[in-house]
Amino acid sequence: MDNVRSNAHGDRPHAIIIGGGATGCGIARDLILRGIRVTLIEFGDLGSGTSSRFHGMLQSGARYAVSDTEYAAECMAERRIIANLVPEAVEQTGGLFVSLRDDPADYPDAFLSGCHKAGIPAEELDPEQTMQDEPNISREIIRSFSVPDATIQSWRLVNILADDVRRRGGTILTRHRVSAIKTAGGRVSGVQVEREGSEYFVAGDVVINATGAWSARVAAMVGQGIDLELAKGSIIVFSHRLVSQAVNRCRPPQSHDIVVPTGSVSLFGTTSEVVDNPDTTHVRPEEIQELLDNAEPLIPDIRKYRAFRAWAGVRPLYIPKSRPVGVPLPRRHSTFDHSDQGVEGFVSVCGGSLTTHRSMAEDVGNVICAHLGLSARCISASTPIASGEKQPDWQPVRDFQRLEESGSPQVAICECELVAGADVANLIVEHQLTHLHDIRRRLRVGFGPCQGTFCGSRVASMLAQHHPDYSGQSDLTGFWTERLKGSMRTAWGQQARQSMLSDAVYRENLGLRLNADNLPEEDKR
Amino acid sequence: MKSDAVIVGAELDGLIAAMRLLEYGRTVRIFSAGSGSLHYSPGGIRVLGYSPAANEETVSDPLQSLSLLHDQHPYRILERGKTQSALNWFVEATGKLDHHYRANGLNSMAVSPAGLALPTYATLAHQATFEELRGMNAALIRFEAFRELPVDLLASELARAGHEIVIVDHKTPGHFTENMALAKSFDNLADPEGYFSELKHSLPDGVEVVLFPAVLGLHEHDALLAVAEQVLGARCLEVATLPPSVPGVRLTNALETHLLHHQALFHTGAEVVPSEFKGGRCTRVVDQAGRAFEASVIVVSTGGTLMGGLEVDSRGRVHETALGLDVYQTEPLNALSVDRSLDALHEAGVETDASLRPRLGSESCENIFVTGRTLAHWNPAQECSAEGVCIATGWAAAEAAQSYLGGGS
Ligand SMILES: Cc1cc2nc3c(=O)[nH]c(=O)nc-3n(C[C@H](O)[C@H](O)[C@H](O)COP(=O)(O)OP(=O)(O)OC[C@H]3O[C@@H](n4cnc5c(N)ncnc54)[C@H](O)[C@@H]3O)c2cc1C
């Protein structure tokens, strides 16, 4: 603790936010807009927790229209706000709810009236027309509805929020881990942070626990308990857009009932199983079979399509004191002011979804302001974010044109996701990026069907060019093993060949080695 | 339309088996669905780079170390000495095709496109090795807009390994920057002396070794490199690029040209579909258009999962695609459950007897021989053994086929 980096006490209060997912980034923005100084501390890269291991949807709320109408209404309101605030991270695909022959026959009517109550514009469609519009889905559709579901690029969202916070003078520390929360006389005084073996103290007036699945662990640092159920969900990624809109089963929400088109891929999910450890990101092969079996009623040929990856995320669901038996846990978030339990200035938030991250942040902001005796109101919904181009993210035609206009088609670094060399170079220089993973998350390099087989070493070469002490061998190994970890789960059909090709390139051609020393460890928060 | 042998798949092992059977005066028909995995090979013959035991240490004497492999490994199921004979034959036979290797029995460390070492039993005459770079001032040539060699990565890894290296930019002979097209523009270079003289002006003084991306021609590379060495007054070497590998294509071309000259029949773009077995034999293959071809022996050199010779279904079961042979795999879901490495997929494949004949029920199938990546129980990526196993099994399959056909070797 010799390296104390305490913030000099200025006139404005200082809030420390632990966790750089959608929630933490949203809170940082909410608070700084209310005039509070903020420091956000994230263990890995921004969004590297559940916020990137999700299903890609900016929910209209229709999914919860029957089971939790109030939460559905919140989703709809937030979905509108987010689409206005960060259009460059959102694609307004629209959503479909389809009722298949064997689905509960009374659900669709309840669904329509639930949507109506929640203010979700849902419209009944002609099932024949739906089947024509979506040729890959079941021919057994009895009823179908359109709702304003959308998709969102979470990497983009968190970085846009964080950039806005930085521009307004906030501090964002990534690759820092909070190892302890310090208190003095029943009040929080700051946090102890670890970075690459060294530790220091950051002083603050309030500390906010926005660590999602890890929030019970973090609360335990000051002896606080949060009742969480950790529900792991696994998702399979298919090449191409199998559907043009997010397609949901029209039945009470349960596992494996949504397929979502995003970027150049489709996501099908999810499984659901309770786990003990928030770091669990392992997808078991049995889960893959479970997903495929359950996808077949909706997408009959699903086993014939090319799947190229699978991942899992952990939902932090809050267990209310009076837990109703036999119904799913509520999705709405909960905010805890631990002052009530004797730790002044410490606030936790959990539950909710990526869609509702902003309203979660608003609630936290209200609690914090009440605590600090400030009257500043929430303006995060009405204050625009000044960032680059206000364009939807998925624009293949635009990207092709850009590559063509840049003179030589050879400048594409990643053909799958149409990433230009110049963009990679700019990013490396502008943001001082030193790792392939950081570039991957920002530009989707290596996200496509070849999973980094060809672009990995090209981008590594650009990093080597800009950073004299860049360690290519270990960075490439880390990048490739991480890509493999996800793609091996779906190594059948064409993807088995693709994985073997990737192995041929990385091990047989480039000469990387896989052994016990360099197999990727799961991140441990 | 009968031939003595049908070779399914134009992998290195299949081409070798064909070449050897032609030497014995046999008639040969070759089916290939596409280009073989030599297109991914950085050049050079890798026999065994890493020992399976002892923490996967780098092997210095690969032939000596074969005995460390488990006893189901293709090298081990072949009789002792066969691998050595096959390699000797290969180096000599390809030498006659102007494809020259340097082999002294020990591994050299070939330079990979990422600047890492690839333990290699026989390196090409102009293939860059760490041995040749040791203590030398080296220059690495970077072509503008050429993406297939990560030059800065290569240079930084070589520097990390203690080598003196500078990057020198030079133009390409034409405006093509894709491997094959670029190699062809080197073949068509009108004035090689002029081209390399211009490069000489950009080279710093005292450069002793010049490293080029391995694209200096598909046919003219030896001549061009000789001119380069003369003009630049330095040793000139090639470093493999990302696939498709020009050195791999050169070898494929050399072998295929030779086979065509010796009246092998090629069916390119032809896939073979599973056909019937009678009395422990299969004497007919059928292509995807339904045409049947008779043969006394069939060699399956279809390149395993990488090249489509094996297929994995969505339940994790592995199938052999050409003849529908039985496949070994640890357990069905293993192909999909393997944690963090693809070893279960590498290890899956067809099991055979010592003559490379697969089992059919409880007996060996008399006239079928399986080679290369379609065989079970080896792992080219882990062992650094791709070309060695293909050459040894291709050669051994031809020997076994020849004796089945009633000839002596
Ligand atoms: C399978 C699945 C599918 C989903 N699909 C959707 C969907 O389609 N739409 C939707 O709206 N929502 C969806 N969700 C929910 C949504 O993903 C989450 O609600 C949301 O991402 C949570 O964000 P967060 O910021 O609270 O948590 P996280 O993104 O997990 O952020 C918490 C951060 O805290 C950090 N952290 C933890 N401990 C420490 C420490 N000690 N020090 C520093 N940092 C620490 C972690 O590194 C992590 O980055 C899905 C969830 C799952 C699991």
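What counts and how
- Residues numbered from 1 in each chain as written.
- Chains lettered and ligands numbered in written order.
- Predicted model: local features only at pLDDT ≥ 70, side-chain atom pairs only at ≥ 80, totals over all residues.
- Heavy atoms only, no water.
- Helix = DSSP H or I, 4+ residues; strand = E, 2+ residues; numbered from the N terminus.
- Contact = heavy atoms within 4.5 Å.
- Buried area = accessible area lost by both parts, 1.4 Å probe.
- Salt bridge = Lys/Arg side-chain N within 4 Å of Asp/Glu carboxyl O.
- Polar contact = N/O pair within 3.5 Å; in protein donor to acceptor, adjacent residues only side chain to side chain.
- Nonpolar A, V, L, I, M, F, W, Y, C, P; charged D, E, K, R; others polar.
- Domains from an automatic or database assignment.
- Phe/Tyr/Trp six-rings, centres within 6.5 Å; stacked < 30°, edge-to-face > 60°.
- Buried < 20%, exposed > 50% of the residue type's maximum accessible area, 1.4 Å probe, protein only.
- Lys NZ or Arg CZ within 6 Å of the ring centre and 35° of its normal.
- Pairing = 2+ DSSP bridges.
- Axes fitted to C-alpha atoms, helices over the stretch in contact; angles between N-to-C directions.

### Concerning unusual backbone geometry
All names here are of chain A. In this model, G269 is joined to T270 through a cis peptide bond whose omega is -5°. If you trace the backbone, T270 turns up in the loop between β17 (265-269) and β18 (273-275). The phi dihedral of R175 is positive, around 55°, even though this residue is not glycine. One non-glycine residue, E196, lies in positive phi territory at about 40°. Residue placement: E196 occurs in the loop between β11 (187-195) and β12 (198-203).

### Side note on the interface of chain A and chain B
On the chain B side, the residues contacting the 50 residues of chain A number 52 residues. At the boundary of chain A with chain B, total buried surface from both sides reaches about 4500 Å², with 55% on carbon and sulfur atoms. Together, A:M500, A:E508 and A:N509 form the three largest contributors to the area buried by chain A at its contact with chain B, with a combined 17%. Along the contact surface separating chain A from chain B lie three salt bridges. B:R373 is the salt-bridge partner of A:E508, the closest N and O atoms lying 2.9 Å from each other. Summed over the shared surface of chain A and chain B, the number is 22 residue pairs in polar contact (both at pLDDT 80 or more). Those elements that place two or more of their residues in the side of chain A that touches chain B are α7 (285-295), α12 (455-466), α13 (472-487) and α14 (494-509) of chain A. Grouping the constituent residues of the side of chain A that touches chain B by class yields 22 nonpolar, 15 polar and 13 charged.

### Some thoughts on the domain arrangement of chain B
Each domain of chain B was delimited in the assignment, giving domain 1 (2-41 + 66-89 + 266-404) and domain 2 (128-239). Relative to domain 2 of chain B, the C-alpha centre of domain 1 of chain B lies at a distance of 37 Å.

### Concerning the environment of A:L100
Residue and element names in this part refer to chain A. Along the chain, L100 falls in strand β5 (residues 95-100). Considered as a pair, L100 and R143 are 43 residues apart in the sequence and their alpha carbons are 7.4 Å apart. Apart from the residues lying within four places of it in its own chain, the contact partners of L100 are S138, E140, I141, I142, R249, P297 and L298.

### Overview of the domain arrangement of chain A
Accessible area lost during the coming together of the parts is what is often quoted as the interface size. Residues and elements named next belong to chain A. Each assigned domain of chain A is listed here: domain 1 (14-49 + 155-227 + 331-372), domain 2 (57-151 + 229-318) and domain 3 (398-520). If you average the C-alpha positions of domain 1 and of domain 2, the two centres end up 30 Å apart. Of the residues lining the interface, 24 residues belong to domain 1; the matching set on domain 2 comes to 27 residues. Taking both sides of the interface into account, the surface hidden between domain 1 and domain 2 amounts to around 2200 Å²; carbon and sulfur atoms contribute 60%. When the buried surface of domain 1 facing domain 2 is broken down by residue, A213, R331 and T355 rank first, second and third, together holding 32% of it. In this assembly, domain 1 and domain 2 are joined by three salt bridges. Between R358 and E78 there is a salt bridge; the shortest N-O distance is 2.8 Å.

### A closer look at the packing of aromatic side chains
In total, this model carries 13 aromatic pairs over all chains according to the counting rule given. A centroid spacing of 5.9 Å and a plane angle of 45° characterise the contact between B:F143 and B:F186, whose relative ring orientation is tilted. Taken together, the residues span a long stretch of sequence, with B:F143 in strand β7 (residues 137-143) and B:F186 in helix α7 (residues 179-187) at a distance of 43 residues. B:F186 matches B:F143 in its accessibility class, with the two residues each being buried. Grouped by ring-pair contacts, the aromatic residues B:F143, B:F146, B:F186, B:Y195, B:F196 and B:F212 constitute a single cluster. Here the basic side chain of A:R513 rests over the ring of B:Y50, its NZ or CZ set 3.2 Å away from the ring centre.

### Focus on the sheet that holds strand β8 (residues 164-170) of chain B
Pairing between the strands of a sheet comes from backbone hydrogen bonds, and it takes one of two forms, parallel or antiparallel. All names here are of chain B. Read across the open sheet, the four strands follow the order β8-β7-β9-β10; overall the sheet is parallel. Of all the strands in the sheet, just β8 and β10 (235-239) have a single pairing partner and so form its edges. Looking at each pair of strands side by side, their axes are set apart by 30° on average, direction ignored. In this sheet, β8 lies alongside β7 in parallel orientation, the contact comprising seven bridges. Across the sheet, residue A139 finds its bridge partner in β8, namely V166. The strands touched by helix α9 (residues 221-232) are β9 (209-213) and β10; relative to β10, the strand with the most contacts, the crossing angle is about 135°.

### Quick notes on the sheet that holds strand β2 (residues 37-41) of chain A
Residue and element names in this part refer to chain A. Strand order in this open sheet of six strands is β9-β2-β1-β13-β21-β20, and the pairing throughout is mixed. Every interior strand has two partners, whereas the edge strands, β9 (171-173) and β20 (334-337), have only one. Averaged over all neighbouring strand pairs, the angle between strand axes comes to 15°, with direction disregarded. As paired strands, β20 and strand β21 (residues 346-350) are joined by four bridges and run antiparallel to one another. Bridging from a neighbouring strand, S334 pairs with C350 of β21. The sheet contacts of helix α1 (residues 22-33) involve β1 (14-18), β2, β13 (206-209) and β21, and relative to β2 the element is tilted by about 170°. In the packing of helix α8 (residues 357-372) onto the sheet, the strands contacted are β13, β20 and β21, and the crossing angle to β21 comes to about 165°.

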